[in-house]
Amino acid sequence: MLKIDAEGVIGVRLNGWEITSCHQPILSNAAIEKHAQELGFTVPEMIFGDNYLKVRHLPTQKELSLRALDALRLVDTGPDSASVQVSIARDWSHSRRNLDIAHVKPFDWTFTTKYHGSASRLEFAPTASKIDYERLKQREEILFYDENVLFEDDLGDNGTSQLSFKVRVMPSGFFILLRFFLRVDGVLFRIFDTRFYHQFGSDVLLREVSSRQASFDEVRRLVPRKKPEDEDLSLLNNIQFVDGVIGSPSVKCDAAVI
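Residues numbered from 1 in each chain as written. Predicted model: local features only at pLDDT ≥ 70, side-chain atom pairs only at ≥ 80, totals over all residues. Heavy atoms only, no water.

1. Notes on the overall build of the protein chain
Across its full length, the protein chain holds six helices and 14 strands. For the protein chain, the residues scored as buried account for 49% of the 258 residues in total. For the protein chain, the proportion of contacts with a sequence separation of at least 24, taken over those separated by at least 6, is 65%. Per element, the accessible surface of the protein chain, about 13,200 Å² overall, is 47% carbon and sulfur. (Helix = DSSP H or I, 4+ residues; strand = E, 2+ residues; numbered from the N terminus. Buried < 20%, exposed > 50% of the residue type's maximum accessible area, 1.4 Å probe, protein only. Contact = heavy atoms within 4.5 Å. Areas by Shrake-Rupley, 256 points an atom, 1.4 Å probe, with all protein chains shown as cover.)

2. Overview of the pattern of salt bridges
In total, this model carries twelve salt bridges according to the counting rule given. The salt bridge partner of Glu-38 is Arg-73, with a shortest N-O separation of 2.8 Å. Here the residue Glu-38 occupies a position in helix H1 (residues 29-39), and Arg-73 occupies one in the loop between helix H2 (68-72) and helix H3 (89-95), the gap between them amounting to 35 residues. Of the charged contacts, one joins Lys-137 and Glu-134 as a salt bridge, the two residues approaching to 3.3 Å between their closest N and O atoms. Within this pair, Lys-137 and its partner Glu-134 are both found in helix H4 (residues 133-137), separated by three residues, close to a single helical turn. Residues Lys-137 and Glu-134 agree in their burial class; the two are exposed. Put simply, Arg-179, Asp-193, Arg-195, Arg-212 and Asp-243 are held in one network by salt bridges that share partners. (Salt bridge = Lys/Arg side-chain N within 4 Å of Asp/Glu carboxyl O.)

3. Observations regarding H1
Among the residues making up H1, those that are buried are Ala-31, Ile-32, His-35, Ala-36 and Leu-39. Along the axis of H1, the buried positions cluster into a sector of 135°, meaning they face one direction only. Every exposed residue of H1 that faces more than 90 degrees away from the buried side is listed here: Asn-29, Ala-30 and Lys-34. Residues of H1 that are buried in the fold lie against strand E4 (46-47) and H2. Just downstream of H1, Gly-40 is the residue with a positive phi angle, here 85°. (Arc of directions from axis to C-beta.)

4. Comments concerning the nonpolar core
Membership of the largest hydrophobic core comes to 49 residues, with the highest contact counts inside it found for Ile-47, Val-169, Phe-174 and Ile-176. Top element by residues in this core is strand E11 (residues 173-184). It accounts for six residues. With twelve residues, the next largest nonpolar core counts Ala-214, Val-223, Leu-236 and Ile-246 among its residues. (Core = buried A, V, L, I, M, F, W, Y, C linked by side-chain atoms within 4.5 Å.)

See below:
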């Protein structure tokens, strides 16, 4: 195993795979304006456009990567894209149009994206195989772990929209979680998860896609209280808490041959 640590890039190389994570600062104003022009809508306040996770199979050069701009290209810009209608949406949209964008398309102001990673030479197809979570629960040495944010926005102090990832490499394989998390205060919570798993020695990369959504009040009612009048709303800002109570996801699985 070879460890990688140079110029903001950390990772490992083992069993024919190179897994790297890049940490860079938030994009400059000039870069943000450039990408807003390209996309046709105002990008999130905090966009880490140079951050990435890259998983490359060295013998075949097949590659999976997770990148902010690829995810933002999947934000809905259709005529009905304002999927979450709340009273502050229009005011938020106007307040954020401080960039000189020649033509601002309508877009989903929550930055909801059904992004499942960027594949090169990898072709995913439906499969009956599933990620073996019991195996993942087994105690095993962690050879490499990292987590990173790709973009985040507070929706004009009315919630949170965040895309992030976590990666874990063990002697038996690697596991990746890509998560889009959305909280719109008073309206809803939404979690879109994409999980990847590869067992070293096998010839497939498994991908599991799930989606969950619940109303704000549904989740709020699940906040634990010591007394009926107690209410710790700070838990609604805790992604792990929301993840634990938001309910069962709809799941689909596919796989790519290495």
